[in-house]
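So you can see what is in the structure, the chains are spelled out below.
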Amino acid sequence: LLRQGADEYLLNSILVTSFSSRFMRGALRLLNRDDVLLLLGYLVSLMDIYSHSEEKQIQENYSARKDSQKVQSSKSAKNLLPSSDKICEWLNVVLNAHMLLIATDQRASLLLEKCFEVLKNYLSIKPTELSGILQLIDRLQHRIMKE
C-alpha cells in the first residue's frame, strides 16, 4: 500500500496521535477518493495484522525492525504502530466521513467487507465478553450489504 520507510513512518506517526473526531471528520472529507481508499486499506491491513497475533508482540517486533533500520523517530512515536483501539477510532471516523463513497464505490465496498472479516477475526481472539460485538457486526454487515 505504502512505500516502506518515510511514508509508513509518517502515516503511523499521524495515526498514533490523539485527535478530535469532529475535526478529523471534516479534514478527512477533503481527501479524494483514491486517498480515502488508500487510508482505509492501510487501516484494514493493520487490523488484519492484529487479528493474527498478540498486539504487544507485534508492536515490539515493529519497533525492533524500525530501530534496526535506524529510522529517525520522535520520542513520542517510538516507532510504534497505532494500537488496535486507535485503528478502530480511525476506521470509525474515516467510515463516518465517507459513507456515501463507501456505499457507492465497488472498491470501497470490497474494503468494507474485508474490514468486517478482519474485525470478526480480531474479536474472535479476544476475551469472551466481546462475543456480543461479533453478533452486532454480523447484523450490521448483513444490513449494509443488503442495501
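Because the structure is a prediction, the values reported are computed rather than measured.

(A) Just the overall build of the protein chain, in detail. Helices and strands together make up the secondary structure of the protein chain, namely eight helices and zero strands. For the protein chain, the proportion of its 147 residues judged to be buried stands at 39%. Considering only contacts in the protein chain between residues 6 or more positions apart, those separated by 24 or more positions represent 77%. Surface exposure of the protein chain reaches about 9,100 Å², of which carbon and sulfur atoms provide 55%.

(B) A look at helix H5 (residues 84-97). With 14 residues, H5 should reach 20 Å at 1.5 Å per residue; the first-to-last C-alpha distance of 20 Å fits that figure. Three or more residues of H5 are buried, namely Ser84, Lys86, Ile87, Trp90, Leu91, Val93, Val94, Leu95 and Ala97.

(C) Highlighting the packing of helix H3 (residues 33-50) against helix H7 (residues 106-124). The N-to-C vectors of H3 and H7 enclose an angle of 20°; their axes lie 9 Å apart at closest approach. In terms of their interaxial angle, H3 and H7 are classed as roughly parallel. The two elements H3 and H7 cross, and the hand of that crossing is left-handed. Touching Arg33, Asp34, Leu37, Leu40, Gly41, Val44, Met47, Asp48 and Tyr50 of H3 are Arg107, Ala108, Leu111, Lys114, Cys115, Val118, Leu119 and Tyr122, all from H7.

(D) Broad picture of the pattern of salt bridges. This structure, assessed with the given rule, holds six salt bridges. Here Asp34 ties to Arg107 by a salt bridge, and the two come within 3.0 Å at their closest N and O atoms. Separated by 73 residues along the polypeptide, Asp34 in helix H3 and Arg107 in helix H7 bring together distant segments of the chain. A salt bridge links Lys86 to Glu89; the nearest nitrogen and oxygen atoms lie 3.9 Å apart. Placement of both Lys86 and Glu89 in helix H5 is noted, with a separation of three residues, approximately one turn of the helix.

(E) Expanded view of the packing of H3 against H5. For the pair H3 and H5, the least separation of the axes is 10 Å and the interaxial angle reads 150°. Judged on the interaxial angle alone, H5 and H3 are roughly antiparallel. Two packed elements cross with a definite hand, and for H3 against H5 that hand is left-handed. Packed against H3, whose contacting residues are Val36, Leu39, Leu40, Leu43, Val44, Leu46, Met47 and Tyr50, the element H5 presents Ser84, Ile87, Cys88, Trp90, Leu91, Val94 and Leu95 at the interface.

(F) Layout of the confidence of the model for the protein chain. Per-residue confidence for the protein chain gives a mean pLDDT of 79, with 76% of residues at or over 70. Of all the helices and strands in the protein chain, helix H8 (residues 131-146) carries the lowest mean pLDDT, 68, while helix H2 (residues 21-28) carries the highest, 94. Contacts of residues 73-77 to residues separated by more than four positions or lying in other chains number six contacts, the stretch itself having pLDDT below 50.

(G) Spatial organisation of the environment of Arg33. Mapped onto the elements, Arg33 comes out in helix H3. For the pair Arg33 and Ala108, spaced 75 residues apart in sequence, the C-alpha separation works out to 9.2 Å. Every residue in contact with Arg33, bar those within four places of it in the chain, is listed here: Leu101, Asp105 and Arg107.

(H) Representation of the packing of aromatic side chains within the structure. Summed over the entire model, instances satisfying the criterion amount to one aromatic pair. Relative to Trp90, the ring of Phe19 has its centre 4.5 Å away and its plane inclined at 50°; by these criteria the two rings are tilted. Separated by 71 residues along the polypeptide, Phe19 in the loop between helix H1 (6-15) and H2 and Trp90 in helix H5 bring together distant segments of the chain. Judged by relative accessible area, Phe19 falls into the buried class, the value being 17%.

Scoring rules and cut-offs
Residues numbered from 1 in each chain as written. Predicted model: local features only at pLDDT ≥ 70, side-chain atom pairs only at ≥ 80, totals over all residues. Heavy atoms only, no water. Helix = DSSP H or I, 4+ residues; strand = E, 2+ residues; numbered from the N terminus. Buried < 20%, exposed > 50% of the residue type's maximum accessible area, 1.4 Å probe, protein only. Contact = heavy atoms within 4.5 Å. Areas by Shrake-Rupley, 256 points an atom, 1.4 Å probe, with all protein chains shown as cover. Expected span 1.5 Å × (residues − 1). Axes fitted to C-alpha atoms, helices over the stretch in contact; angles between N-to-C directions. Parallel < 35°, antiparallel > 145°, perpendicular 65-115°, else oblique. Left-handed = near helix turned anticlockwise from the far one by under 90°. Salt bridge = Lys/Arg side-chain N within 4 Å of Asp/Glu carboxyl O. pLDDT = per-residue confidence, 0-100. Phe/Tyr/Trp six-rings, centres within 6.5 Å; stacked < 30°, edge-to-face > 60°.

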